[in-house]
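Structural characterization, general
The lines below spell out each chain.
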Amino acid sequence: MKLPIAILSAVVLASGAQAADNDAMAKAANGFYTAYSTFHPSDGIPDVAGRARYAPYISERLNALLTQANAAESKFASANKNTPPLVEGDLFTSNFEGATAFKVGACTGDAKAGHCAVQLTYNPGNTGNPKDKPFNWTDTAYLVNSAQGWRLDDIGFGGNWDFGSKGRMSQTLDMVIKTAGN
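Quick look at the structure, then.

Calculation notes
Residues numbered from 1 in each chain as written. Predicted model: local features only at pLDDT ≥ 70, side-chain atom pairs only at ≥ 80, totals over all residues. Heavy atoms only, no water. Buried < 20%, exposed > 50% of the residue type's maximum accessible area, 1.4 Å probe, protein only. Helix = DSSP H or I, 4+ residues; strand = E, 2+ residues; numbered from the N terminus. Polar contact = N/O pair within 3.5 Å; in protein donor to acceptor, adjacent residues only side chain to side chain. Contact = heavy atoms within 4.5 Å. Disulfide = S-S within 2.5 Å. Core = buried A, V, L, I, M, F, W, Y, C linked by side-chain atoms within 4.5 Å.

What follows deals with unusual backbone geometry. The backbone of Asn-82 sits at a positive phi, close to 60°, despite the residue not being glycine. Taking relative accessible area as the criterion, Asn-82 reaches 84% and is therefore assigned exposed.

Encoded structure:
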């Protein structure tokens, strides 16, 4: 009889540890999106000051990608005067205009990596056009557990409208880096 109790205890303890990780993931995702909403609207790839605002919430890998993509964007702009940047509009959500509200939903993962559903809303405000109503979508925040704790590592774009960003943010950053030849 002691063996089933030991197994049950191990399952309960493991479930509690997993729930703590999920809470830590949600806290990290909330931190990132709170910083994002403070500096909204996001337009293109953040510069050094922009990356500093996000530094407590993003992984080393994502920070390196943002740094490389920003350098590539600058190189592209120097070589292509009077040309729009490679990334215009909001980099961190599916919507070009960004999000005006967020709610971090369920998080799942293991001790090393996980993801959280993030419900986003864009409210165009008082534009005078009754067709401009708030709309909602869900993106996915991908996180990694680093020596500094849980950090945002990527974003999966979940917008399903024609001109919404698709794929993952890291794919967009990789495209910028490759296009500019870095």
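Let's pick the thread back up.
Structurally, the position occupied by Ala-147 is in the loop between β3 (135-146) and β4 (149-156). The exposure class of Ala-147 is exposed, given its relative accessible area of 83%.

Turning our attention to the side chain of Ser-94. With respect to the helices, strands and loops of the structure, Ser-94 is situated in the loop between α3 (60-79) and β1 (101-109). Within the local environment of Ser-94, its side chain forms a polar contact with the side chain of Asp-139, the two groups lying 2.6 Å apart. Engagement of the side chain of Ser-94 in a polar contact is seen with the backbone nitrogen of Gly-159, the distance being 2.9 Å. When neighbours within four sequence positions are excluded, Ser-94 is seen to be in contact with Trp-137, Asp-139, Phe-157, Gly-158, Gly-159, Trp-161, Gly-164 and Ser-165.

Before going further, it helps to examine the state of the cysteines. Enumeration according to the criterion identifies one disulfide in this entry. Paired by a disulfide, Cys-107 and Cys-116 hold their sulfur atoms 2.1 Å apart. Of note, the bridge from Cys-107 to Cys-116 carries an S-S torsion of about 110° and is right-handed in sense. For the pair Cys-107 and Cys-116, a shared accessibility class is recorded, and that class is buried.

Glancing now at the nonpolar core. Counting 39 residues, the largest nonpolar core has Phe-32 and Leu-173 as the members making the most contacts within it. When residues of this core are traced back to their parent elements, those giving at least two are α1 (2-38), α3, β1, β2 (113-122), β3, β4 and α4 (169-179). At eight residues, the largest contribution of residues to this core is made by α1. Beyond its immediate chain neighbours, meaning those up to four positions away, Leu-173 contacts Ile-45, Leu-62, Leu-65, Leu-66, Ala-69 and Leu-91.

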